[in-house]
2 protein chains.
Amino acid sequence: MERVSLLTDVRRTNDEIAAENQAIFRSVATLTINLMSAPGAGKTTVLERTILRLTDHYRFAVIEGDLQTSIDSERILALGVPAHQITTGSVCHLEARMVRKAITGFPPARVDLLFIENVGNLVCPAEFNLGEDLRVMVYSVVEGVEKPKKYPLMFYKADVVLLNKIDLVPYAGVELEKLRRNVIEVNPRAVIFPISCSTGEGVDAWTQWLTKRIGA
Amino acid sequence: MERVSLLTDVRRTNDEIAAENQAIFRSVATLTINLMSAPGAGKTTVLERTILRLTDHYRFAVIEGDLQTSIDSERILALGVPAHQITTGSVCHLEARMVRKAITGFPPARVDLLFIENVGNLVCPAEFNLGEDLRVMVYSVVEGVEKPKKYPLMFYKADVVLLNKIDLVPYAGVELEKLRRNVIEVNPRAVIFPISCSTGEGVDAWTQWLTKRIGA
C-alpha cells in the first residue's frame, strides 16, 4: 500500500484510480466486494449476518459509505470488525478516489474479506468501479417486481443479487418467481439468492457460495 | 404556455429554468406536486390511490420520470388520466430543463393537480427544484427508522412525508413512532401521514389535506 502514490490527480479518470485501488485491495484482502442497494434494502444487516456466520473462520474489514452519520460503521465495529466510515456529504455514490483515500492504513491487518458498502442508491453507484472483485446487490423484495426493468444498469452489473426480506413476501403481495425472472431477463449470469435476515432463511446458501469465492 | 420561449439555454441554472416552469405550471394547473422517494417506496401506487379517491371531483395530469420504461405512465393512463413519460437514460433525478421540455403541450387541458413523479432516489432529486408548489415524499416504513438521519436533505425539503406500507409494520419490526420522531428531528415543519395503499388506512387523511391545498 505504501508504494503507491496517494496523490489522487483530479485529471485521472475513475477507472484509472479504480485500477490502482484493485492493486491495493489485493495486497490487503483476498476478496473485495462492492455492496450496493437502494436505501433501506438491508445492506448493513446482510453484512452483520454474513460476518456473524463466518467470523470464526475468516477475517473481515468494512468500508462504509453514507451521505451522513456513522451509524453503519458503528454497527460493524460493535461486532469487533474493523470499519472505516466515508461520509460523502451530498454525493449519491462512492467513487474510486474516495475509497482510495479511505484505504490509507486501512484495514489495519490483512483480511480475507473487504466489504465496501456503497451509498443507498439504485442508480449512480453502478456507474463507478471502485476496484472491487465482486459486485453484490441487495434488493428488498418489498420494492416490487418491476425494478430490474426500471433500474437495469445496477442489476446488469451485479455478480450476485440477494433478494432480501423474503419473510415479507406473504404480506407484501410480491411474486418472487416473477421478480427472479425479471432479474434474469436483465442479467442472465446473475447469481441469485433469496434470503431473509430476520429468519435466516437462505443466508447459509449465500455464505457457502461466498466462502467458495474466497478459495477456502 | 405558448408565450414563454421553449429554448432552454444550457448556461442558465436549474433554478432559473424552475422559476419559468413555475409560471407555466400556474397557467395549466392549480397545484403542482413533485413526488419523490427511494425506489419501490410506492410513489406510483400512492398516485393511483390518490387519483381514484379524488377523480370524481378533480382533474389530474401526471409527468412520470424514470431511467427506462413507460411502465408508470401506462399505469396512470389506464386510469384515464393524461400522463407523459420522461426517460432520463442514466440521469438519477429530474431536472427543471427535462420537465420544461415535457410540458410543451402537456397537459392537454387545464387541471387541478399536476403530479411530477421523480426518479426513485433518496439523494439527488432533492437538489433540483422543478418549479413545483409542493414537495411530497413517500417513504416505505420497511426501509427502517434511521433513514431521515442518513438522507437528511430529502426529508428536510419535503413539505409532506407519507409513511407508506404501514400494513407491514407488524411484520417488519419497525417502530413507527421512532420513525416519526426521526423525521421531525430533521424537519419539524413536515406534515406526516402514515398510510397503507394496500388497506387504504390513512389515505383519506392525506387526500383531505390535499384537497384543502387545492382550495376546494
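A brief structural summary.

Quick notes on the rules
- Residues numbered from 1 in each chain as written.
- Chains lettered and ligands numbered in written order.
- Predicted model: local features only at pLDDT ≥ 70, side-chain atom pairs only at ≥ 80, totals over all residues.
- Heavy atoms only, no water.
- Contact = heavy atoms within 4.5 Å.
- Buried area = accessible area lost by both parts, 1.4 Å probe.
- Salt bridge = Lys/Arg side-chain N within 4 Å of Asp/Glu carboxyl O.
- Polar contact = N/O pair within 3.5 Å; in protein donor to acceptor, adjacent residues only side chain to side chain.
- Helix = DSSP H or I, 4+ residues; strand = E, 2+ residues; numbered from the N terminus.
- Nonpolar A, V, L, I, M, F, W, Y, C, P; charged D, E, K, R; others polar.
- Pairing = 2+ DSSP bridges.
- Axes fitted to C-alpha atoms, helices over the stretch in contact; angles between N-to-C directions.
- Phe/Tyr/Trp six-rings, centres within 6.5 Å; stacked < 30°, edge-to-face > 60°.
- Lys NZ or Arg CZ within 6 Å of the ring centre and 35° of its normal.
- Buried < 20%, exposed > 50% of the residue type's maximum accessible area, 1.4 Å probe, protein only.
- Core = buried A, V, L, I, M, F, W, Y, C linked by side-chain atoms within 4.5 Å.

Moving on: the interface of chain B and chain A. It is common to give the size of an interface as the accessible area that goes away when the parts come together. Taken together, the contacts link 31 residues of chain B with 31 residues of chain A. Sorting the residues of chain B by area buried against chain A places Pro39, Lys150 and Tyr171 of chain B first, and these three jointly supply 24% of that buried surface. A salt bridge links Lys150 of chain B to Asp72 of chain A; its shortest N-O distance comes to 2.7 Å. At the surface where chain B touches chain A, the tally comes to six residue pairs in polar contact (both at pLDDT 80 or more). Counting residues per element, the ones that place at least two in the side of chain B that touches chain A are helix H3 (71-77), helix H5 (147-150) and helix H7 (169-172) of chain B. Of the residues forming the side of chain B that touches chain A, the biggest block, three residues, is contributed by H5 of chain B. Among the residues making up the side of chain B that touches chain A, the classes are represented as 15 nonpolar, six polar and 10 charged.

What follows covers the sheet that holds strand S1 (residues 29-36) of chain B. Residue and element names in this part refer to chain B. What the seven strands build is an open sheet, ordered S3-S2-S4-S1-S5-S6-S7; its pairing is parallel. Lying at the two open borders of the sheet, with one neighbouring strand each, are strand S3 (83-87) and strand S7 (191-194). Within this sheet the neighbouring strands show an average axis-to-axis angle of 20 degrees, counted without direction. Sheet topology places strand S5 (residues 134-140) next to strand S6 (residues 160-164); five bridges connect them, and they run parallel. Across the sheet, the residue bridging to Ser140 is Asn164, located in S6. Across the sheet, helix H1 (residues 14-28) touches S1 and strand S4 (111-117), and the angle it forms with S1 is around 125 degrees.

Each aromatic ring pair is summarised here by two numbers: the centre-to-centre distance and the angle between the ring planes. Within the structure shown, the criterion is met by 11 aromatic pairs over all chains. Between the aromatic rings of Phe193 of chain B and Trp209 of chain B, the centroid separation amounts to 6.2 Å while the plane-to-plane angle is 65 degrees, which identifies the pairing as edge-to-face. Remark: Trp209 of chain B occurs in helix H9 (residues 203-214) and Phe193 of chain B occurs in strand S7; sequence separation between them is 16 residues. Members of the aromatic cluster, connected to one another through ring pairs, are Phe193, Trp206 and Trp209 of chain A. Here the guanidinium or amino end of Arg189 of chain A rests over the ring plane of Tyr156 of chain A, the centre of that ring lying 5.7 Å away.

Quick look at the pairing of strand S2 (residues 60-66) of chain B now. All names here are of chain B. Counting buried positions along S2 yields seven of seven residues, so the element is predominantly enclosed. Of the two faces of S2, the one carrying Phe60, Val62, Glu64 and Asp66 and the one carrying Ala61, Ile63 and Gly65 are both buried. As defined by bridge partners, S2 adjoins S3 across five bridges and the pair is classed as parallel. The partner of Val62 across the bridge, within S3, is Ala83.

With that out of the way, let us pick up unusual backbone geometry. For the bond running from Phe106 of chain A to Pro107 of chain A, omega is -5 degrees, close enough to zero to count as cis. Phi at Thr69 of chain A takes a positive value of approximately 75 degrees, unusual for a residue other than glycine. Within the fold, Thr69 of chain A resides in the loop between strand S2 (60-66) and helix H3 (71-77). One non-glycine residue, Lys165 of chain B, adopts positive backbone phi at about 65 degrees. Relative accessible area serves as the criterion here: at 14%, Lys165 of chain B is assigned to the buried category.

All names here are of chain B. Mapped onto the fold, Ser196 is located in the loop between S7 and H9. By relative accessible area, which is 0% here, Ser196 ends up buried. Only 3.0 Å separates the side chain of Ser196 from the backbone nitrogen of Thr199, close enough to count as a polar contact. Dropping the residues within four chain positions of it, Ser196 is found in contact with Asn164, Lys165, Ile166, Asp167, Glu201 and Val203.

This paragraph deals with the sheet that holds strand S7 (residues 191-194) of chain A. Strand pairing in a sheet relies on backbone hydrogen bonds. The paired strands run either parallel or antiparallel. Residues and elements named next belong to chain A. Spatially, S3-S2-S4-S1-S5-S6-S7 is the arrangement adopted by the seven strands of the open sheet, whose pairing is parallel. Strands at the two margins of the open sheet, each flanked by one partner only, are strand S3 (83-87) and S7. With strand direction ignored, the average angle separating the axes of adjacent strands in the sheet is 20 degrees. In terms of strand pairing, S2 meets strand S4 (residues 111-117) through five bridges, oriented parallel.

Summed over all chains, the structure comprises 24 salt bridges over all chains. A salt bridge links Arg75 of chain A to Glu48 of chain A; the shortest N-O distance between them is 2.9 Å. With Arg75 of chain A in helix H3 and Glu48 of chain A in helix H2 (residues 43-54), the pair connects residues that are 27 residues apart, well separated along the chain. Residue Arg135 of chain B pairs with Glu132 of chain B through a salt bridge whose shortest N-O separation is 3.4 Å. A relative accessible area of 25% places Arg135 of chain B in the partly exposed class. Within this structure, Arg12, Glu20 and Arg100 of chain A form a network of salt bridges that share partners.

Attention now goes to the nonpolar core. Ranked by size, the top nonpolar core spans 58 residues in total, and within it Met137, Val141 and Val161 of chain A together with Met137, Val141 and Val161 of chain B carry the most contacts. Elements supplying a minimum of two residues to this core: strand S5 (134-140), helix H6 (152-157), strand S6 (160-164) and helix H8 (176-186) of chain A together with S5, helix H6 (152-157), S6 and helix H8 (176-186) of chain B. Every residue in contact with Met137 of chain A, bar those within four places of it in the chain, is listed here: Met36, Leu122, Met154, Phe155, Ala158, Val160, Val161 and Leu162 of chain A.

These results come straight from atomic positions and should not be treated as a statement about function.
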